[in-house]
Amino acid sequence: MARIVQLLASPVHRYVGRPADGPAPAPPGELVDRVRVRAGLGVVGDRYFGRAAHRTASVTLIAQESLPPGADLTELRRNVLTSGIAVDEMVGRVLILDSGDGPVSLRVHRAAPPCAWLDVVVAPGTWKALRRRAGVRCEPLTDGVLRVGPVTVAVDG
């Protein structure tokens, strides 16, 4: 069964400067039980919400099956952690997720490559291990709400 495992809406960039210096502190409350998604804008409250340069990449998803044990969104900096959805195979398609509040349509534009920070915040070798499976960058096509828990999945295209 497909699930949304975690949701992250963080107002700050935590990975600035050099990885050897470590990340900036996490703000309280960036892991949430629900997020509001706005068409063409992204996740309300997230650092990329409404930014023109990120309109086609304002919502990011990653599959839990790709991650090392114990890793989560506070380290990976994606918005949606899924289970049972092969998100890395969805590039070029529209992914429709319904966690109980109606469908949210996301056009999956491209892969979200991992960064070297992962070797510092998760474990050495994570950056290389997540190549081609570090999730996807999406453009929200509809307004809606996503919640942690079971999710119905449809794919268009």
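How each quantity is defined
Residues numbered from 1 in each chain as written. Predicted model: local features only at pLDDT ≥ 70, side-chain atom pairs only at ≥ 80, totals over all residues. Heavy atoms only, no water. Helix = DSSP H or I, 4+ residues; strand = E, 2+ residues; numbered from the N terminus. Rg over C-alpha atoms; globule rule 2.2 N^0.38 Å. Buried < 20%, exposed > 50% of the residue type's maximum accessible area, 1.4 Å probe, protein only. Contact = heavy atoms within 4.5 Å. Lys, Arg positive; Asp, Glu negative; His and termini not counted. Charge placed at Lys NZ, Arg CZ, Asp CG, Glu CD. 1 Å grid on protein atoms, 1.4 Å probe; cavity = no way out; pocket = protein on both sides within 12 Å on 5 of 7 lines; lining within 4 Å. Points joined across faces, edges and corners; volume = space filled by probe spheres on them. Nonpolar A, V, L, I, M, F, W, Y, C, P; charged D, E, K, R; others polar. Salt bridge = Lys/Arg side-chain N within 4 Å of Asp/Glu carboxyl O. Pairing = 2+ DSSP bridges. Core = buried A, V, L, I, M, F, W, Y, C linked by side-chain atoms within 4.5 Å.

**Student:** Teacher, can you tell me more about the overall build of the chain here?
**Tutor:** A tally of helices and strands in the chain yields three helices and twelve strands. The C-alpha atoms of the chain give 14 Å as radius of gyration, which agrees with the globular expectation for 157 residues (15 Å, within 12%). Viewed in the frame of its principal axes, the chain has a C-alpha envelope of about 40 × 25 × 25 Å. Within the span of the chain, comprising 157 residues, buried residues form 42% of the whole. At a minimum sequence separation of 6, the contacts of the chain that also span at least 24 residues come to 69%. Of note, the chain has its 20 positive side-chain charges centred 5 Å away from the centre of its 15 negative side-chain charges.

**Student:** So what exactly am I meant to see when it comes to the layout of surface pockets here?
**Tutor:** The method is simple in principle: a probe with the dimensions of a water molecule rolls over the atoms, and the space it marks as empty is what remains. In this model, the largest pocket occupies a volume close to 370 Å³. For the lining of the largest pocket, the secondary structure elements donating two or more residues are strand S5 (59-63) and helix H1 (73-76). Partitioned by chemical class, the residues of the lining of the largest pocket number eleven nonpolar, five polar and seven charged.

**Student:** Sorry if this is basic, but what is going on with the pattern of salt bridges here?
**Tutor:** Enumeration according to the criterion identifies four salt bridges in this entry. Between Arg38 and Asp143 there is a salt bridge, with the nearest N and O atoms lying 3.8 Å from each other. Residue Arg38 is located in strand S3 (residues 34-38), and its partner Asp143 is located in the loop between strand S9 (136-140) and strand S10 (144-147); the two are separated by 105 residues in the primary sequence. According to the relative accessible area criterion, Arg38 is partly exposed, its value standing at 35%. Note that Asp101 is salt-bridged to Arg147, the shortest N-O span being 2.4 Å. Here the residue Asp101 occupies a position in the loop between strand S7 (94-98) and strand S8 (104-111), and Arg147 occupies one in strand S10, the gap between them amounting to 46 residues.

**Student:** When you look at the sheet that holds S10 in this model, what are you seeing that I'm missing?
**Tutor:** Remark on secondary structure: sheet strands pair via backbone hydrogen bonds, oriented parallel or antiparallel. In spatial order, the strands read S4-S3-S10; together these three strands make up an open sheet with antiparallel pairing. The sheet is open, and its two borders are formed by strand S4 (42-43) and S10, each paired with just one other strand.

**Student:** Please explain the nonpolar core as it appears in this structure.
**Tutor:** Grouped burial of nonpolar side chains is what soluble globular proteins tend to show. One finds Leu61, Leu97 and Leu146 to be the most contacted residues of the largest nonpolar core, which totals 23 residues. Of all the secondary-structure elements, those providing two or more residues to this core are strand S1 (3-8), S3, S5, S7, S8 and S9. What Leu97 contacts, discounting residues up to four positions off in sequence, is Leu61, Ile85, Gly102, Pro103, Val104, Leu106, Leu146, Val151, Thr152 and Val153. Grouped together as the second largest cluster of nonpolar side chains are 13 residues, Leu67, Ala71, Leu81 and Trp117 included.

**Student:** Is there a simple way to think about the pairing of S9 in this case?
**Tutor:** Residues in a regular strand point their side chains to alternate faces of the sheet. Here S9 shows one buried face, formed by Val136, Cys138 and Pro140, and one open face, formed by Arg137 and Glu139. Judged from the three bridges that link them, S5 and S9 form a sheet pairing that is antiparallel. Each residue of the ladder has a partner; that of Leu61, found in S9, is Val136.

**Student:** Hey, could you run me through the side chain of Ser58 in this one?
**Tutor:** Locating Ser58 in the fold gives a position in the loop between S4 and S5. The contact partners of Ser58, leaving out residues within four places of it in the chain, are Leu41, Gly42, Val43, Tyr48, Asn79, Cys138 and Pro140.

**Student:** Please explain the environment of Arg137 as it appears in this structure.
**Tutor:** For Arg137, the location among the structural elements is in strand S9. Distance from Arg137 to Val87, taken between C-alpha atoms, is 9.9 Å for residues 50 residues apart in sequence. Filtering out sequence-adjacent residues up to four positions away, Arg137 remains in contact with Thr56, Ala57, Val59, Thr60, Arg107, Val108, His109, Arg110, Ala111, Ala112 and Pro113.

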